[in-house]
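Working through the structure, step by step
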Amino acid sequence: MNKKIYLSLAVVCLVLVSVILYKSYRPIGQLDKNDEIVIGAILSLSGSTSSFYGEYNKNALDLYVEELNKQGGVSGKKVRIEYQDSKGDKVAAIQAFNLMHAQGIRYFIADISPVVVGIAPIANEKKSILIGTSASNPTITNMGEYIFRTKLSAETEGKIAAQYLGAQLKPKSVAFLYQSSDYGVGVFNSFGPIIKASGVKVLAEEEYDKDSTDMRTQLAKIKQQNPEILIMAGFPKEVGRIIKQAKEIGINAKLFAHSGSIGPDIELIAGSSSAGMLYFTELHEDGTRFKEFKEKYIAKYGVSPELFAANTYDAIILLVNGIGQCSAGVDGGNASVTASSSVTNYWAGLAEVDCVKNNLASTKGFQGVAGNITFDENGDLIERELVLRVR
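Described below are features of the structure shown in this document. In every chain, residue numbers begin from 1 and rise along the written sequence. Predicted model: local features are reported for residues with pLDDT of at least 70 only, side-chain atom pairs are reported and counted for 80 or more only, and whole-chain, interface and lining totals are derived from all residues. No hydrogens and no water enter the side-chain calculation; it runs on all heavy atoms of the structure.

**Digging into the sheet that holds strand β14 (residues 387-390)**
Across the sheet, six strands lie side by side as β7-β6-β8-β9-β10-β14; this open sheet has mixed pairing. Since the sheet does not close on itself, it has two edges, and those belong to β7 (201-208) and β14, each with one partner. Within this sheet the neighbouring strands show an average axis-to-axis angle of 25°, counted without direction. Following DSSP output, two strands are said to pair if at least two bridges run between them. Here a strand is any run of E in DSSP of at least two residues, a helix any run of H or I of at least four, and the numbering for each starts at the N terminus. Where strand β6 (residues 173-179) meets β7, seven bridges bridge the pair, whose relative direction is parallel. Looking at the pairing, Tyr-178 lines up with Glu-207 of β7. What makes two residues a contact is simply this: any of their non-hydrogen atoms within 4.5 Å. With axes taken as lines fitted to C-alpha atoms, and helix axes fitted only over the stretch in contact, angles between N-to-C directions fall between 0 and 180 degrees. Sheet strands touched by helix α6 (residues 182-197): β6, β7, β8 (229-233) and β9 (254-257). Its angle to β6, the strand with the most contacts, is close to 165°.

Next up, the structure:
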């Protein structure tokens, strides 16, 4: 009799454990696969970078998802963006990633270099897809097969910009002033050696802390050296302050900024002093797709989109297309994943993520709103022609 009782209790316990496991395992990449597809966005929604990077990224995501869901979503499922605020800080970004990963999210979009550099190694280790939209730091190149970006690496841009400066402007001397961060240092490490190798004298290499408001000490040192060109890399507000303060103390060098430094905050702070500043951009504003995107963006938000809004719009398109094609599982066939157990569902989810990863990795010649998108073997954007602009 006792054996029968024990056996019955064991069966009951097994059933209860099975139910608990089934309820606790959420499908990979989604909070609830039956209702919606959830994508994590770790953006600078507050702090010094929010008015440009975070805001433009969020606007682009909201615009696309609203359009998509009006058309029925993906395979009948609505898409939802789960936002977390990184404050532009690496530690906060890692905390945000871990929180969303624990909720079952496996697809992520993030903005600036410090954020992407912080979470990319963790995302790759956990086999979660991450697309950086505003991150140019060269170290991201080698952070793993699950990491992609729709922003050119500073190394790629550095080579082209340095060659242009040497061949076209032909300065005898330059000075660098850049943010002492993953972003700024990454830009300098890409530009500097190529500029020096071309025979141009680098008279000054000055850094400043992120969010600095007074760069006069560094600028005074640069003024003493009297370079022909001042090359800047920082957030748009910082670059606006640099230009304003440079003019105030009498620096007459030609101004050149990295593409990641460009935004409307420059003119808001520096005013007419920024006129004539040179920069390269991978944004092809004359393209038909960008013009259509720009019209929709202005209609919804009342301002014109910049590079990072376009990059983010392209990133979400590529990611959602991949999820749609791979929602059937390993090979992305026509049969939907209808797992009969939590364990089956778990492995089906892992297979889906790998399918999306492979889908992204095979992107060649995709016509995005910012321009042509082709990823190399490292998930880096390549074959995008840079356009010289005068602010």
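Okay, back to it.
**Observations concerning the nonpolar core**
Core analysis: the biggest nonpolar cluster contains 94 residues, and Ile-42, Ile-129 and Leu-319 have the highest contact counts within it. Take this core: its biggest share by element is 13 residues, from helix α11 (residues 307-326). What Ile-129 contacts, discounting residues up to four positions off in sequence, is Arg-106, Tyr-107, Phe-108, Tyr-146, Phe-148, Leu-319, Val-353, Val-356, Lys-357 and Leu-360. Within the second largest apolar cluster, 22 residues are counted, among which are Ala-175, Leu-177, Met-215 and Val-239. Nonpolar core, defined: a set of buried Ala, Val, Leu, Ile, Met, Phe, Trp, Tyr and Cys residues in which side-chain atoms within 4.5 Å join the residues together. Partly exposed residues are those whose accessible area sits between 20% and 50% of the maximum for their type, while under 20% is buried and over 50% is exposed, using a 1.4 Å probe and protein chains only.

**Details of the sheet that holds strand β1 (residues 36-43)**
Spatial strand order, β2-β1-β3-β4-β5: five strands in an open sheet with parallel pairing. Edge positions in the open sheet fall to β2 (78-85) and β5 (147-149), since each of these has one partner strand only. Between one strand axis and the next, the sheet turns by 25° as a mean value, whatever way the strands run. Note: β1 against strand β3 (residues 107-112), three bridges, orientation parallel. Following the sheet pairing, Ile-42 is matched in β3 by Ala-110. Sheet strands in contact with helix α2 (residues 50-70) are β1, β2, β3 and β4 (129-134), and its direction is about 165° off that of β2. Set on the sheet, helix α3 (residues 90-102) makes contact with β1, β2 and β3; between it and β1 the angle comes to about 170°.

**Comments concerning the pairing of β6**
In terms of burial, β6 is largely enclosed, as seven of its seven residues are buried. By convention a crossover is right-handed if, when the strands point away from the viewer, the path from the first strand over the helix to the second runs clockwise. Handedness of the β-α-β unit built from β6, α6 and β7 comes out right-handed. One ladder, built from five bridges, connects β6 with β8; its direction is parallel. Bridge pairing links Val-174 to Ile-229 in β8.

**Considering the side chain of Gln-245**
As for its position among the elements, Gln-245 is in helix α8 (residues 236-248). With near-sequence residues (within four places) excluded, Gln-245 lies in contact with Thr-213, Asp-214, Met-215, Arg-216 and Leu-219.

**Concerning α6**
Helical geometry note: an α-helix holds 3.6 residues per turn, so side chains three or four residues apart project in the same direction. One less than the residue count of a helix, multiplied by 1.5 Å, gives the span that helix is expected to have. Taking 1.5 Å per residue, 16 residues should reach 22 Å; α6 reaches 23 Å between its end C-alpha atoms and fits that length. Of all the residues in α6, the buried ones are Tyr-183, Gly-184, Gly-186, Val-187, Phe-188, Ser-190, Phe-191, Gly-192 and Ile-195. Against the buried residues of α6 lie α4 (113-125), α5 (154-169), β6, β7, β8 and β9.

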